[in-house]
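Analysis of the macromolecular model
Residues per chain are reported as follows:
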Amino acid sequence: MNYVFLFLLLLPIKLALKPFQKHKGRNLIIQTAKIGDFVNITPLLRQLGRSDALLSRTVGPLASRDATLADCFFIEDHKSGFLKKMRLALKLLNRYSHVYLLQPNSTNLFYAAVCNARNKQFLNVYTRKWYHGIFYLTASGCVEHHRDMLTLESYLKLADRSLTWRSQPKHATLPLWQPTRPLPIPDAPGKIKIGISISAGNKAKTIPAAVWGQILATLAPLPCVYYVFGPQDEQRYLDEFYQVNGNTGNVVSLVGQLRLEEIPWAIARMDCYIASDSGNVYIADAQGVPVICLSGPCCMAEQRPLGHVLVISPADIAPSSFVFSAPYRFEHSPLRLFALTSANRNDIFAFVAKLNHKEVINE
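This one's a predicted model, so the numbers in the text were calculated from it and none came from an experiment.

This part is about the layout of surface pockets. Its volume calculated, the largest pocket comes out at about 1,300 Å³. Contributing elements (two or more residues each) for the lining of the largest pocket: helix H2 (35-48), helix H5 (106-114) and helix H11 (279-286). By residue class, the composition of the lining of the largest pocket is 18 nonpolar, 20 polar and 11 charged. Within this model, the second largest pocket holds a volume of roughly 180 Å³. Contributing to the lining of the second largest pocket are Gln-103, Pro-104, Asn-105, Val-125, Thr-127, Lys-129, His-132, Val-323, Phe-324 and Ser-325. For the lining of the second largest pocket, a count of residues per class yields 4 nonpolar, 5 polar and 1 charged.

Here it is, written out as structure tokens:
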């Protein structure tokens with residue numbers, strides 16, 4: 001509700017300045033979620049050509065290396081304090097001709113509504129609050145999004161209602177940014193190189209170490225080497241992984257060794273990527289790397305990898321985590337959510353066994 005009061009406070013200024021706006025065709029994208037969600041907005045970025053964006057600082061290293069993005073504002077710099085909020089609102093007010101709101105929470109709705117753009121396209125989602133109506137009154141058009149609709153397609157329809165998820169490809173950076181230093185990825189000739197994420201940004205989506213043990217045992221007949229991706233704060237998950245599976249020679253830890261902007265290049269060197277519904281899965285999918293995604297509590301109808309993918313979902317548990325409504329606790333334990341049946345293990349083996357080897361580029 002506080003943002004409603006801020007909007008009403010700014011409304012006289014917004015209306016007074018509107019006649020003085022010079023429309024130069026500039027685009028503003030508003031989406032302040034994390035890595036996987038950022039990758040899923042990149043088809044829209046391609047469609048628009050070049051845009052400014054209001055983003056989360058988390059994705060800054062990717063955004064700063066993306067040719068589809070010009071000026072980026074980071075929401076973390078403007079969420080606390082009245083003056084900071086007002087300063088950004090006034091900066092955006094007469095700057096853009098087109099505004100595309102992809103994540104309509106109260107904060108983002110406020111900034112989108114303040115803008116005097118001629119064309120303002122808002123996503124309308126299932127978490128809309130009653131008081132959001134005042135912000136939606138400022139929109140030129142809305143795209144209705146439900147839990148059974150692909151977010152990626154809904155985002156594209158903000159630009160053109162005729163577009164589908166096949167209209168534009170995804171990317172992590174455009175062009176793919178190449179690291180300026182040698183990456184700590186040992187070469188593994190003749191091996192199937194599998195990247196894995198042993199945790200997720202939402203820790204409740206973490207695949208248990210025991211389930212990783214089943215996956216490694218399933219793939220043991222194949223010449224696999226596993227590269228563990230993750231930031232330094234995931235070391236405890238790596239320790240649990242080693243406790244269950246041992247510190248064998250076919251597991252290479254990259255935990256804490258890669259910068260975010262280096263991860264797409266590193267993942268592109270993999271033959272396969274295995275993880276829960278997390279940012280790296282979408283980076284892998286954008287790089288054309290085959291993906292095995294253990295969905296756990298996540299709704300795959302709404303957001304999922306769209307390339308060469310094997311999705312494994314619990315057969316008897318309905319999804320309880322959605323893109324715009326993602327809890328951090330679930331009714332079922334991780335062991336239940338990520339449990340593998342014998343059929344699942346057979347599918348995993350068959351998927352990996354069919355992969356063609358790619359040469360790992362070890363700069």
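Glancing now at the packing of aromatic side chains. Counting across every chain of the model gives 10 aromatic pairs. For the pair Trp-212 and Phe-241, a centre-to-centre distance of 6.5 Å together with 65° between the ring planes defines the contact as edge-to-face. Of the two residues, Trp-212 is situated in helix H8 (residues 209-218) and Phe-241 in helix H9 (residues 235-245); the sequence distance between them amounts to 29 residues. Taking relative accessible area as the criterion, Trp-212 reaches 1% and is therefore assigned buried. Relative accessible area serves as the criterion here: at 1%, Phe-241 is assigned to the buried category. Relative to Tyr-242, the ring of Phe-241 lies with its centre 6.0 Å away and its plane at 70°, an arrangement referred to as edge-to-face. For the pair shown, Phe-241 and Tyr-242 are each scored as buried. A network of ring pairs unites the aromatic residues Tyr-3, Phe-110 and Tyr-111 as a single cluster. A cation over an aromatic ring shows up here: Arg-128 above the ring of Tyr-136, its NZ or CZ 4.0 Å from the ring centre. The ring centre of Phe-322 lies 4.2 Å from the NZ or CZ of Arg-147, which sits over that ring.

A few words on the sheet that holds strand E5 (residues 119-124). On the basis of which strands lie adjacent, the open sheet formed by 6 strands has the order E3-E2-E1-E4-E5-E6 and parallel pairing. Edge strands, defined here as strands with exactly one partner in the open sheet, are strand E3 (69-74) and strand E6 (141-144). Here the strands of the sheet are splayed against their neighbours by 15° on average, with no regard to which way each runs. Pairing of E5 with E6, which is carried by 4 bridges, proceeds in the parallel orientation. Paired with Gln-121 across the strands is Gly-141, a residue of E6.

Rules used throughout
- Residues numbered from 1 in each chain as written.
- Predicted model: local features only at pLDDT ≥ 70, side-chain atom pairs only at ≥ 80, totals over all residues.
- Heavy atoms only, no water.
- 1 Å grid on protein atoms, 1.4 Å probe; cavity = no way out; pocket = protein on both sides within 12 Å on 5 of 7 lines; lining within 4 Å.
- Points joined across faces, edges and corners; volume = space filled by probe spheres on them.
- Helix = DSSP H or I, 4+ residues; strand = E, 2+ residues; numbered from the N terminus.
- Nonpolar A, V, L, I, M, F, W, Y, C, P; charged D, E, K, R; others polar.
- Phe/Tyr/Trp six-rings, centres within 6.5 Å; stacked < 30°, edge-to-face > 60°.
- Buried < 20%, exposed > 50% of the residue type's maximum accessible area, 1.4 Å probe, protein only.
- Lys NZ or Arg CZ within 6 Å of the ring centre and 35° of its normal.
- Pairing = 2+ DSSP bridges.
- Axes fitted to C-alpha atoms, helices over the stretch in contact; angles between N-to-C directions.

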